[in-house]
Amino acid sequence: MLFTQGEAAPWRFAVFADTQWPLESDSVSTVGNPHSVSVDFINQINGRLRTLHDIDFVVYLGDLGDAMDIESIQARATWFQELYDAGIGVFPVRGNHDDGPHSAREFSRVFPQTVDGVMNRTPADAFLWTDSNLHHLVLSPRGTFQMGNDFSSPDCAPGRSYAFEYRGVTLALIDQYMDERARYCEAKDQLDWLENVLSSRADSTPAFVVAHKPLIGACHDDNLFGDDPSADSANTTKFMHILNDNKVYAYISGHDHLLQHSLIDEPGPGGKTVEQFIFQGASWKLYPALVSPTIDEKFNVPAYGKTRETLINSETGTIGYQIFEVDGPRVEANSWAALTGITWGELKESMDLRDKFEIRHRWGWSLRGKQTVLKQNDDLSALNDVYQGTEVKILSGKWKATTKDFYRRELSALASTDWRSLAGFQSAVWTVWGLEVENGKWDTPTYTLSMTVKEGADVSDKTCLMRLEDGHWRCAGAEPLQNGPWSSTQKLGAQGYDPATKTAWAVVNRGGDFAVGYEGMTVSTMPKSIKEKSEIAEPNYDLLGRKK
């Protein structure tokens, strides 16, 4: 079904991970980051989450603090309070720095929402409002509020691993750590529960599976199923098949303190893949040390005779968070991050990064579209598609990235598409994500895109291929419109309409939303989408999140 006006509005949630700070007394800003929690960075990001992104809740990926103790959990819970006061929910899961029976008991006590979705019930004796000035941001207090429904947990990890449904979307969070009796509920023992959760949802709705550890790490050997990515091939394969069979496009993790987006191949010959995201957080530790071979090469080549990771995007040395926008079966996500100025290493003091956050990586997917893996120099014509009377063709162009990762591995592209309909256009609306060649920039390889008009659509000498940019629809090319077909001599910016094939075309170097319209037309507003930094008026607030 195409998007039409009047459907439910898009909504957003954030993903945030690894807020660790050292306890050592020689750290310059330990006082401002109490109980091994990076409060300074939390406040900078909390301010953005409260004021800039219109989010419903935050998914937290674990490692609440650096020390494996109750105080770090309490301190992190304390600094979620500002989100509760703003009406923003919090759905956390534990990490390896939150392991142990005492931490398990305290986690369940300070985050009771993992059972029923009722927010803002932090026990009074858990608050640890401490910082360098002994004061904190005070917002208008509010009572409890509820988010989500159909909560469930595996029998061996009640309230620590959990799943719920929210506005048609299913989220499942996996905790693989000790319970209050020092017993483990390993990921392999939660697979039947996970399969039941994912298979019971509607086929047309997105789902997200979340845990602290990835399937294949960027700088840690350990993973969701063991000490290294070859440790438990049978249950790794079962997990990947569960996600594939239930159309789960995103496995989300933290643990490695960097951004890495990749496709993970199953251990055996079956060919199933999972799209994996490792997200950076706000920690003093910025991985990795530059070592070789990669974890993928070190363990998977000896075990399976192959590498299992296709690298899509990677970036080190940043502090950041992610914003996911859900619009029915369509998901668009942005990684907001600030460069620290170092590629890897350890921070000795917090930084004021408030004016440095920008979108460093954008991607998306849709149950209405398709996904295509493009390796270096692959022809973009693999994206050709047709949907309800509109045909998209890439007439020229190849994909090639300009950067490599920290291991000097070449990147591939995961080009994802979507289709929607909007009144006033002469075609359906086509979206393409994933063709950008460098983090923080929106250039793609130059390519020629053509789209056919609908049967019976009115055309004129102003008909053009349009692109949505900064909230406005404009002709995608910069040159005067031509009447006739595209030719291989056309350069970037050329555009035209071919009446013989009823096709609008343009030579472009951007992804995004495209449709056939005409210069100067007035189009009904598209659903609200995530804005880029240049569109947002950021409030002026201090490191404690208080507006100046």
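See the structure shown above.
Residues numbered from 1 in each chain as written. Predicted model: local features only at pLDDT ≥ 70, side-chain atom pairs only at ≥ 80, totals over all residues. Heavy atoms only, no water.

Asker: How should the sheet that holds strand 30 (residues 495-498) be read in this particular structure?
Answerer: Strands in a sheet are paired, the pairing made by backbone hydrogen bonds, and the direction either parallel or antiparallel. Reading across the sheet, the six strands line up as 21-22-26-31-30-29 and stay open at both edges, with mixed pairing between neighbours. Both outer strands of the open sheet, strand 21 (385-387) and strand 29 (481-483), are each paired with one neighbouring strand and no more. Looking at each pair of strands side by side, their axes are set apart by 20° on average, direction ignored. (Pairing = 2+ DSSP bridges. Helix = DSSP H or I, 4+ residues; strand = E, 2+ residues; numbered from the N terminus. Axes fitted to C-alpha atoms, helices over the stretch in contact; angles between N-to-C directions.)

Asker: Whenever I open this one, the sheet that holds strand 12 (residues 273-278) confuses me. Can you help?
Answerer: Taken in spatial order, the eight strands of this open sheet run 6-7-8-9-10-12-11-14, and their pairing is mixed. The open sheet has two free edges, formed respectively by strand 6 (149-152) and strand 14 (309-315), since each of these has just one partner strand. Here the strands of the sheet are splayed against their neighbours by 15° on average, with no regard to which way each runs. Two elements, strand 11 (residues 259-265) and strand 14, share six bridges in a ladder whose sense is antiparallel. Looking at the pairing, leucine 263 lines up with threonine 310 of strand 14. Here helix 7 (residues 233-245) sits on the sheet and contacts strand 8 (169-174), strand 9 (207-211), strand 10 (250-253), strand 11 and strand 12; the angle it forms with strand 12, its principal contact strand, is near 100°. (Contact = heavy atoms within 4.5 Å.)

Asker: Looking at this structure, I do not really get helix 1 (residues 39-51). What am I missing?
Answerer: For an α-helix, the turn length of 3.6 residues means that residues three or four places apart are oriented alike. The first and last C-alpha atoms of helix 1 sit 18 Å apart over 13 residues, in line with the 18 Å expected at 1.5 Å per residue. Among the residues of helix 1, Val39, Asp40, Phe41, Ile42, Asn43, Gln44, Ile45, Asn46, Gly47, Arg48, Leu49 and Arg50 are the ones counted as buried. Turning to helix 1, the residues buried within the fold contact strand 1 (11-16), strand 2 (57-60), helix 2 (70-78), helix 3 (81-85), strand 15 (318-327) and strand 16 (330-339). (Expected span 1.5 Å × (residues − 1). Buried < 20%, exposed > 50% of the residue type's maximum accessible area, 1.4 Å probe, protein only.)

Asker: Can you walk me through the nonpolar core in this structure?
Answerer: For soluble globular proteins, nonpolar side chains are generally found buried alongside one another. Residues Phe13, Phe208, Ile252 and Phe324 are the most contacted members of the largest nonpolar core, which totals 66 residues. Contact partners of phenylalanine 13, with chain neighbours within four places excluded, come to Ile55, Phe57, Val59, Leu171, Phe208, Gln322, Ile323, Phe324 and Val326. Leu374, Trp419, Trp430 and Leu465 belong to the second-largest nonpolar core, a separate cluster that totals 29 residues. (Core = buried A, V, L, I, M, F, W, Y, C linked by side-chain atoms within 4.5 Å.)

Asker: Would you mind going over helix 7 with me for this structure?
Answerer: Helix length check: helix 7, at 13 residues, gives a terminal C-alpha distance of 18 Å against a target of 18 Å (1.5 Å per residue), a fit within 8%. Regarding helix 7, the residues found buried are Asn235, Thr236, Thr237, Phe239, Met240, Ile242 and Leu243. Tucked inside the fold, the buried residues of helix 7 contact strand 8, helix 6 (191-199), strand 9, strand 10, strand 11 and strand 12. Once helix 7 finishes, lysine 247 follows within two positions and takes phi at roughly 55°, a positive value.

Asker: In this structure, what is going on with the pairing of strand 22 (residues 390-396)? I would like to understand it.
Answerer: Residues in a regular strand point their side chains to alternate faces of the sheet. Here strand 21 pairs with strand 22 via three bridges, running antiparallel. Note on strand 22: the bridge partner recorded for valine 386 is glutamate 391. In this structure, the hairpin formed by strand 21 and strand 22 is closed by a connection of two residues, where glutamine 388 is found at a positive phi of approximately 45°. As paired strands, strand 22 and strand 26 (residues 447-452) are joined by four bridges and run antiparallel to one another. Along strand 26, the bridge assignment pairs lysine 393 with serine 450.

Asker: Please explain the side chain of threonine 122 as it appears in this structure.
Answerer: Along the chain, threonine 122 turns up in the loop between strand 4 (118-119) and strand 5 (145-146). The class for threonine 122 is buried, based on a relative accessible area of 11%. Aside from chain neighbours lying at most four places away, what touches threonine 122 is Ala77, Gln81, Tyr84, Val110 and Phe127.

Asker: Explain the packing of aromatic side chains to me, please; I cannot follow it from the model alone.
Answerer: By convention here, two paired aromatic rings are described through the distance between centres and the angle between planes. For the structure shown, the criterion picks out 35 aromatic pairs. Considering the side-chain rings of tyrosine 321 and phenylalanine 357, the 5.9 Å spacing of their centres and the 50° angle between planes classify their relative orientation as tilted. Taken as a pair, tyrosine 321 in strand 15 and phenylalanine 357 in the loop between strand 17 (345-346) and strand 18 (358-366) lie far apart in primary sequence, 36 residues in all. The exposure classification of tyrosine 321 matches that of phenylalanine 357, with both residues buried. Ring geometry for phenylalanine 324 versus tryptophan 363: centroids 6.0 Å apart, planes at 85°, classification edge-to-face. Taken together, the positions of phenylalanine 324 in strand 15 and tryptophan 363 in strand 18 put the pair 39 residues apart, joining distant regions of the chain. (Phe/Tyr/Trp six-rings, centres within 6.5 Å; stacked < 30°, edge-to-face > 60°.)

Asker: What is the right way to read unusual backbone geometry from this model?
Answerer: Negative phi is the rule for most residues except glycine; trans is the rule for most peptide bonds. One non-glycine residue, aspartate 54, lies in the positive phi region at around 55°. Tracing the backbone through its elements, the reader meets aspartate 54 in the loop between helix 1 and strand 2. In the Ramachandran plot, aspartate 63 falls in the positive-phi region, its phi being about 60° despite a non-glycine side chain. Relative to the helices and strands, aspartate 63 resides in the loop between strand 2 and helix 2. The exposure class of aspartate 63 is buried, given its relative accessible area of 2%.

Asker: Looking at this structure, how should I read the state of the cysteines?
Answerer: Formally, a disulfide is one covalent bond, and it connects the sulfur atom of one cysteine to the sulfur atom of another. If you walk through the whole model with that rule in mind, you get two disulfides. The side chain of cysteine 156 participates in a disulfide bridge whose partner is cysteine 185; the two sulfur atoms lie 1.8 Å from each other. On the criterion of sequence distance, the pair formed by cysteine 156 in the loop between strand 6 and strand 7 (162-166) and cysteine 185 in the loop between strand 8 and helix 6 is long-range, its members being 29 residues apart. Residue pairing for cysteine 464: its cysteine sulfur links by disulfide to cysteine 475, the two sulfurs lying 2.2 Å apart. Between cysteine 464 and cysteine 475 the disulfide shows an S-S torsion of about -80°. By sign, it is left-handed. Linking cysteine 464 in strand 27 (residues 463-469) with cysteine 475 in strand 28 (residues 472-475), this pair joins segments that are 11 residues apart in sequence. Owing to a relative accessible area of 1%, cysteine 464 belongs among the buried residues under this scheme. Disulfide connectivity for the chain, with bonded cysteines indexed by sequence position, reads 1-2, 3-4. (Disulfide = S-S within 2.5 Å.)

Asker: It is not clear to me how the packing of helix 6 against helix 7 should be interpreted in this structure. Could you clarify?
Answerer: In a packed pair of helices, the relevant descriptors are the angle between the two axes and the axis-to-axis distance. Here helix 6 crosses helix 7 at 10°, and the two axes come no closer than 10 Å. Of the possible angle classes, the one that applies to helix 6 and helix 7 is roughly parallel. Each of Leu191, Asp192, Leu194, Glu195 and Leu198 in helix 6 lies in contact with helix 7, whose residues at this interface are Asn235, Lys238, Phe239, Ile242 and Leu243. Each residue belonging to the contact of helix 6 with helix 7 can be placed in one class, and the counts come to six nonpolar, one polar and three charged. (Parallel < 35°, antiparallel > 145°, perpendicular 65-115°, else oblique. Nonpolar A, V, L, I, M, F, W, Y, C, P; charged D, E, K, R; others polar.)

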